[in-house]
Amino acid sequence: MTDLFDKWLDHYDPIHRGYTPRGIANAVCATNGWCFPRIGGGYNLYRGTPTIEDIDYSVPVGAAGPGVGQVANFAWWSHAADTEYFYVVRASGGGGVESASSAPPVAVAFDAAGIFIGGRPNHPTDLCVSPTSCGRFVLRWSYSALGEEVSPDEFRVYSDGGSGTMDYETVVGQVAYHPGQTCFGYTTEECLGHGSRRKWVVRAVSVNERDDGNESTVEAVADAEGPDPHPSLLGECVGGE
């Protein structure tokens, strides 16, 4: 019986007459906390900042009824300048029971002037690196536009410079993004000494200078020398005079 009562209190709140963040968002306060009036179900919007882990699923920042294609934050949940937020939507049934999130959180950000600067592109995938002649490297990766918040304008290549620590302040290469293209590549310009080790990261960047934040690295060793001669190689003149 205690378990049933606890589950009931998850959605109804006669003690506070429904005047809690969740009760107000779902109009439970209109019934003094005794029942869930949105019998057709609906959607609750949640957010967190500065990371995904900070999303508070106990306090809806927006709500909407069934059959809608969008849900907005309540007016009293404003946005601060120079801040990034992560939003997620959860559906609820007619009894107030919520589903798990059906889509990953969406990141939105505002610059120092409080102007919305959009979401992030998707991460590049399948990044690989191969050493080539003269101590250079060839990087290859894929990009899928499926489910993206915003399309990239270009890809930027970063390296650790041999230090072992990635330098995300220095761009060592740029590759333009072409809608519909899925495979991309870049050949480094610097000729490194034989045996030099480097790490690389590729990030997708939007036209508003929002990168995807990717930190997945690949690593390779430069090959700037030919193979050693084979010890048993012999030459012999055959035929002729």
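Scroll up for the structure.
Computed from a prediction, not measured in an experiment: that's the story for all the values here. In this numbering scheme, every chain counts its residues from 1 along its sequence in written order. Where local features are concerned, this predicted model is filtered to residues with pLDDT of at least 70; where side-chain atom pairs are given and counted, the filter is 80 or more; whole-chain, interface and lining totals use all residues. Just so you know, side-chain values use all the structure's heavy atoms and leave hydrogens and water out.

## So, the overall build of the chain
The secondary structure listing takes helices from DSSP runs of H or I that are at least 4 residues long and strands from runs of E that are at least 2 residues long, numbered from the N terminus. Scanning the chain for helices and strands turns up 2 helices and 11 strands. Ordering the α and β elements of the chain from the N terminus gives α-α-β-β-β-β-β-β-β-β-β-β-β. For the chain, the proportion of its 241 residues judged to be buried stands at 35%. Restricting the contact set of the chain to residue pairs at least 6 apart, pairs at least 24 apart contribute 55%. Note on areas: these come from Shrake-Rupley sampling with a 1.4 Å probe, and a residue is covered only by the protein chains present in the view. Within the structure as shown, the chain displays about 14300 Å² of accessible surface, and the carbon and sulfur contribution to it stands at 54%. Residue burial is assigned from relative accessible area. The probe radius is 1.4 Å, only protein chains are included, and a residue is buried under 20% of its type maximum, exposed over 50%, and partly exposed in between. Contact between two residues is taken to exist if any of their heavy atoms lie within 4.5 Å; hydrogens are not considered.

## Quick word on the pattern of salt bridges
Only one rule defines a salt bridge in this text: a Lys or Arg side-chain nitrogen within 4 Å of an Asp or Glu carboxyl oxygen. By the definition in use, this model includes 7 salt bridges. The partner of E84 in a salt bridge is R120, and the shortest N-O contact between them spans 3.0 Å. Placement of E84 in strand β3 (residues 83-92) and of R120 in the loop between β4 (106-110) and β5 (125-131) is noted, with a sequence separation of 36 residues between them. You can call E84 buried: its relative accessible area is 16%. D211 is paired through a salt bridge with R203; the nearest N and O atoms lie 3.7 Å apart. For R203, a relative accessible area of 8% translates into the label buried. Each of E84, R120, R203, R210 and D211 takes part in salt bridges that share partners, so that together they form one network.

## Looking at the nonpolar core
V129, F137, L139, W141, F155, F184 and W200 are the most contacted members of the largest nonpolar core, which has 19 residues in total. Secondary structure elements with two or more residues in this core: β5, β6 (137-142), β7 (154-159), β9 (183-187), β10 (197-205) and β11 (218-221). If sequence neighbours within four positions are ignored, L139 has contacts with C128, V129, V157, F184, G185, Y186, W200 and V218. Among buried residues, those of type Ala, Val, Leu, Ile, Met, Phe, Trp, Tyr and Cys that are joined through side-chain atoms within 4.5 Å constitute a nonpolar core.

## Focus on the environment of G114
Looking at the element boundaries, G114 is found in the loop between β4 and β5. The exposure class of G114 is partly exposed, given its relative accessible area of 38%. Counting along the chain gives 33 residues from G114 to A81, while the straight-line C-alpha distance between them is 4.1 Å.

## Concerning the pairing of strand β8 (residues 173-176)
Sheet faces and side chains relate simply in a regular strand, where the side chains alternate between the two faces. Only one face of β8 is buried: it carries G173 and V175, and the other face, with Q174 and A176, is open. A strand pair is defined by DSSP finding two or more bridges across the two strands. Where β7 and β8 come together, 4 bridges link them in antiparallel fashion. Bridged to R156 within β8 is Q174.

## Let's talk about the side chain of S206
Its place among the elements puts S206 in the loop between β10 and β11. With residues up to four places along the chain from it excluded, the contact list for S206 reads P121, V150, S151, P152 and D153.

## A few points about unusual backbone geometry
For the peptide bond that leads from T49 to P50, omega is 10 degrees, which places it in the cis range. The phi dihedral of D82 is positive, around 55 degrees, even though this residue is not glycine. Judged by relative accessible area, which is 62%, D82 ranks as exposed.

## Describing the environment of V88
Tracing the sequence through the fold places V88 in strand β3. A relative accessible area of 4% means that V88 is categorised as buried. Sequence separation between V88 and Y57 is 31 residues, and the spatial gap between their C-alpha atoms is 9.3 Å. Non-local contacts of V88, meaning those with residues more than four positions away in its chain, are made with N44, L45, Y46, I55, Y57, S101, A103 and P105.

## Topic: the pairing of β9
Alternating residues of β9 divide into F184 and Y186, all buried, and C183, G185 and T187, none buried. By the bridge criterion, 5 bridges tie β6 to β9 in an arrangement that is antiparallel. In the sheet register, S142 faces β9, and the bridge partner there is C183.

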